[in-house]
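# A structural walkthrough
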Amino acid sequence: MRAWIVIALRNIWKNRRRSAYTILAIAFGYAGVNMFGGFKDYLYSTIKNAFIHVNAMGHLNIHKRGFTSEGRREPTEFLISAEELRQIKALVGARDDVVVVTPQLQIQGLVSNGQFSTVFVALGRVPSEVEEIQRRVGGWIAKRQYYTGEGLSDDHPENVALSAGLADVLGVKAGDDVIATAPTVAGQINALDGHYVGYFDSTLDVLDDKLMEVSLQFSQLLYDTDSVDRIVVLFNDDGDLEAKRDWVQQQLDAAGLDMEVWTWVERAPFFAATERMNNVIFLFMFLVVLVIMVMSVVNTIGMSILERTREIGTMRALGLKRRGIIELFAIESFILGLLGSAVGFLLFLVAWSVVKGFDPHWIPPTYSKPIPLEVHFVTSNLLWSIVFLSVLSLVAAIAPARKAANLEVVDALGHI
Amino acid sequence: MNLVELRSVGKTYNSRMEPVRALHDITMDVADGEFVAIWGPSGSGKSTLCNLIGLLDVPSDGRLSCVGRMAAELSDDQRSELRNERIGFVFQQFNLIPVLSAVENVMLPLQIRGVPYAQCRERAAAHLDRVGLGSHLDRRPDQLSGGQKQRVAVARALVGDPQLVLADEPTANLDTHTAYAIIDLMRALNQEQQTTFVFCTHDQRLLDSVERRIQLVDGTIAEDTRG
Ligand SMILES: Nc1ncnc2c1ncn2[C@@H]1O[C@H](COP(=O)(O)OP(=O)(O)OP(=O)(O)O)[C@@H](O)[C@H]1O
Ligand SMILES: [Mg+2]
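Source: prediction; values computed, not measured.

Time to look at the overall build of chain B. Broken down by element type, chain B carries six helices and ten strands. Taken over the C-alpha trace, chain B has a radius of gyration of 17 Å; the compact-globule value for 227 residues is 17 Å, and the two agree within 12%. The buried share of chain B, reckoned over its 227 residues, is 56%. Here the analysis covers contacts within chain B between residues at least 6 apart in sequence; of these, 69% occur between residues at least 24 apart. For chain B, the distance from the average position of its 24 positive side-chain charges to the average position of its 30 negative side-chain charges is 2 Å.

A few words now on the overall build of chain A. In terms of regular secondary structure, chain A is built from twelve helices and twelve strands. Radius of gyration (C-alpha) of chain A: 31 Å, far over the 22 Å computed for a compact globule of 416 residues. Summarising its shape, the C-alpha atoms of chain A cover approximately 100 × 50 × 35 Å along the three principal directions. Relative to all contacts within chain A whose residues are 6 or more apart in sequence, the contacts with residues 24 or more apart total 79%. Looking at chain A as shown, the accessible area adds up to about 19700 Å², and 61% of this sits on carbon and sulfur atoms. On chain A, the mean spot of the 37 positive side-chain charges and the mean spot of the 45 negative ones are 19 Å from each other.

Moving on, we come to the packing of helix α3 (residues 82-93) of chain A against helix α7 (residues 241-254) of chain A. Residues and elements named next belong to chain A. Running from N to C, α3 and α7 point in directions that differ by 135°, and their axes come no closer than 10 Å. Here α3 lies oblique to α7, going by the angle between them. Considering the relative orientation of α3 and α7, their crossing is right-handed. Along its contact with α3, which presents I88, L91 and V92, the element α7 presents W247, V248, Q251 and L252. Of the residues assigned to the contact of α3 with α7, the class counts are six nonpolar, one polar and no charged.

Residue and element names in this part refer to chain B. Around ligand 1, a shell composed of 14 residues is seen, among which S42, G43, K46, S47 and T48 lie nearest. Contact between ligand 1 and K46: an oxygen atom at 2.8 Å from a side-chain N or O atom of the residue. Within the side chain of E169, a nitrogen or oxygen atom sits 3.4 Å from an oxygen atom of ligand 1. Contact with the protein chains covers 71% of the free accessible surface of ligand 1, which is 630 Å². Contributions of two or more residues to the shell around ligand 1 are made by β2 (20-30) and α1 (46-53). Looking at which element gives the most residues to the shell around ligand 1, the answer is α1, with three residues.

It is worth spelling out the nonpolar core at this point. If you look at the biggest cluster of nonpolar residues, it comprises 43 residues, and the most contacted ones within it are W4(A), I7(A), M315(A), I325(A), F329(A), F348(A) and L108(B). Discounting residues that sit within four places of it in the chain, W4(A) has contacts with M315(A), L320(A), E327(A), L328(A), I331(A), L108(B) and I112(B). Core analysis: the second largest hydrophobic core is formed by 41 residues, V98(A), V172(A), Y196(A) and M259(A) among them.

All names here are of chain B. Across the sheet, four strands lie side by side as β2-β1-β4-β5; this open sheet has antiparallel pairing. Either end of the sheet is taken by a strand with one partner, and the two such strands are β2 and β5 (69-70). Across five bridges, strand β1 (residues 4-13) lies against strand β4 (residues 61-66) in antiparallel orientation. In the sheet register, R7 faces β4, and the bridge partner there is R63.

Turning our attention to the packing of helix α8 (residues 269-307) of chain A against helix α10 (residues 322-358) of chain A. Residue and element names in this part refer to chain A. Running from N to C, α8 and α10 cross one another at 140°; their axes reach a closest spacing of 11 Å. Considered as vectors, α8 and α10 are oriented oblique to each other. Relative to α10, the crossing made by α8 is right-handed. Each of V297, T300, I301, S304 and I305 in α8 lies in contact with α10, whose residues at this interface are F329, E332, S333 and L336.

So, on to the environment of D209(A). Residues and elements named next belong to chain A. Inspection of the secondary structure assignment puts D209 in the loop between β7 (189-200) and β8 (211-215). Judged by relative accessible area, which is 32%, D209 ranks as partly exposed. C-alpha of D209 to C-alpha of H195: the two residues are 14 residues apart in sequence and 18 Å apart in space. Here K210 takes part through its side chain, which lies 3.2 Å from a polar atom of the side chain of D209.

So, on to the interface of chain A and chain B. Each side of the interface is counted separately: chain A has 22 residues, and chain B has 26 residues. Counting the surface lost from both chain A and chain B, the interface buries some 2300 Å², and carbon and sulfur atoms represent 61% of this. Put simply, chain A and chain B have four salt bridges between them. Applying the counting criterion to the chain A and chain B interface returns eleven residue pairs in polar contact (both at pLDDT 80 or more). If you list the elements that add at least two residues to the side of chain A that touches chain B, you get α1 (2-14), α9 (309-317) and α12 (409-414) of chain A. The element best represented in the side of chain A that touches chain B is α1(A), accounting for eight residues. Across the side of chain A that touches chain B, the residue classes break down as eleven nonpolar, three polar and eight charged.

What follows deals with the state of the cysteines. Tallied over the full model, the rule gives zero disulfides over all chains. This cysteine, C50(B), is not joined by any disulfide, and C200(B) carries the nearest cysteine sulfur, 3.4 Å off.

The subject of this paragraph is unusual backbone geometry. We note that D224(A) has phi near 50°; this positive angle belongs to a residue other than glycine. Following the sequence through the fold, D224(A) ends up in the loop between α6 (216-223) and β9 (230-235). Among the residues examined, D224(A) registers a relative accessible area of 54% and is labelled exposed. Phi is positive for F94(B), which is not a glycine, with a value near 70°. Secondary-structure assignment places F94(B) in the loop between β6 (87-90) and α3 (102-113). For F94(B), a relative accessible area of 9% corresponds to the buried category.

All names here are of chain A. Locating T102 in the fold gives a position in strand β2 (residues 98-112). Reaching out from T102, the side chain makes a polar contact with the side chain of E129 at a distance of 2.5 Å. Excluding its chain neighbours within four sequence positions, the residues that come into contact with T102 are V126, E129, I133, R230, I231 and V232.

Procedures and definitions
Residues numbered from 1 in each chain as written. Chains lettered and ligands numbered in written order. Predicted model: local features only at pLDDT ≥ 70, side-chain atom pairs only at ≥ 80, totals over all residues. Heavy atoms only, no water. Helix = DSSP H or I, 4+ residues; strand = E, 2+ residues; numbered from the N terminus. Rg over C-alpha atoms; globule rule 2.2 N^0.38 Å. Buried < 20%, exposed > 50% of the residue type's maximum accessible area, 1.4 Å probe, protein only. Contact = heavy atoms within 4.5 Å. Lys, Arg positive; Asp, Glu negative; His and termini not counted. Charge placed at Lys NZ, Arg CZ, Asp CG, Glu CD. Areas by Shrake-Rupley, 256 points an atom, 1.4 Å probe, with all protein chains shown as cover. Axes fitted to C-alpha atoms, helices over the stretch in contact; angles between N-to-C directions. Parallel < 35°, antiparallel > 145°, perpendicular 65-115°, else oblique. Left-handed = near helix turned anticlockwise from the far one by under 90°. Nonpolar A, V, L, I, M, F, W, Y, C, P; charged D, E, K, R; others polar. Near = heavy atom within 4 Å. Polar contact = N/O pair within 3.5 Å; in protein donor to acceptor, adjacent residues only side chain to side chain. Core = buried A, V, L, I, M, F, W, Y, C linked by side-chain atoms within 4.5 Å. Pairing = 2+ DSSP bridges. Buried area = accessible area lost by both parts, 1.4 Å probe. Salt bridge = Lys/Arg side-chain N within 4 Å of Asp/Glu carboxyl O. Disulfide = S-S within 2.5 Å.

The structure is reproduced here in structure tokens:
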């Protein structure tokens, strides 16, 4: 083995020009795949943070059974009562890794500035508990100012915040009052004064002229109810949400509470769609890299074999078996893959540092404002692609090496 | 039993458009410890015969046994093992591995056999010393003269203590003086260690120091003389 490694290394060095091309092909492939992989990871975590923390969806959502199916027509018929809420808080909150259990009530209706009205959708939430969820966010989002002006507070349940577009449509300034109108749970029309304190950027531009944020108390007053339509659960880690969901569902079932429990991923189809799209792009890119790399390796090893045919004959005459010839070239190719990945890692480091240094911003699809563009340093991706590309490089050499190994010794020796 | 036995051996190459009958009706033996020259004009089949005896190729007709084994009964891997353990080769173009130093080239047969590195190196160095290259261990082939390269090749052929060494035109790429030196070296090794040597040549001048000469003409034995 040691002898074959020596032979491989020296031949790579001897043909360093040719080797360099292959190594660079692998290196650029490695760097490209990992840059995109790091970007993908950034997108993933950004969207995830946006859903779980910024939008305060938490990890799990508990609804009355039927809320997400029949309840879409008549949401107010699938509400969780105050008594059920109390029970659920006690049951779920008993778990050590649960950090927040908070009720919410989504409302919709008309909002008016006194002169004209427009439709709105609002989540009524407990401001301090939403803050607790938002506070736990990681990454660049943590540094972002969410509200322009003031936010909501537990002490002032009449405060409301509007999405930037809605504030614009209504033409209101901080301190102005707005009037929200909606049918109550019982069916009467109800109106409530809100105190406009600040605006926020909605991440989805289609909703930018419709969103409102209110306190839970405000939404319950408007709907004239003490029920809620969802309970958000936040854990202190993202690990195995499926199992956590099942655990919560079991607790609720055992207590005779007829609820449905969803993970945030299930309630965020946009996230899954983005993931799928990225995976397709990633796969496509990976295939291109793969093809270029395999072609490059096959070409290099093929040339090596052609030049060293008599050497192959000699080694065979000295007693090396066919298998040994394949090993000889497979090792050489593996080393090329390893060197390529190593150079690729350096290239990645350079590109990664450049992106970090320039701190670029971009506007992702459906977003209304630029956000920082990052490439994450994903250690496991970086390590696994070294292994993968080296092994792939080895495998790519097997076909040409096998052809060389199957040559008759006499023919190989006679080769000039 | 003889080290090498051929009975009505023939070899026909089928690689080209029409079959080429390179050898036919070869019947001969080589006993342990002999020093044999196979000579004849170009195209008479010397290399073909050498390759058959060395288990590099298999006969198309007849029976051939080498180091006690019937060639026809051996798999490719078994022939490789036998070559590695019992047979040494010296080639016309030296066939040293260009990226390996002299001592590393000589180590190869032992490394293929799986002998530990330190032991390989020690034995290889000893054999290089024996062929007069004790001070050139770490030279690469391109830093050696033709004669020196062929000495390295002889050391490589002998390092595994083979019973039989086959040399196909070992002197064809060397000047006369060096050619004699190489033949003398092989002769000396043959007498010291009783290793059997079979070498092919078309150079009649080299036959003087050889005790047995087999002349090939048109793919068959024309004359087999001793003394
Ligand atoms: N691989 C092959 N395919 C077809 N014909 C071959 C092959 N090798 C040798 N021959 C033919 O077989 C005959 C014997 O060739 P061989 O090489 O054994 O002769 P030789 O005595 O060694 O000649 P030289 O002195 O030129 O080396 C020649 O006619 C040659 O053309
Ligand atoms: Mg010949």
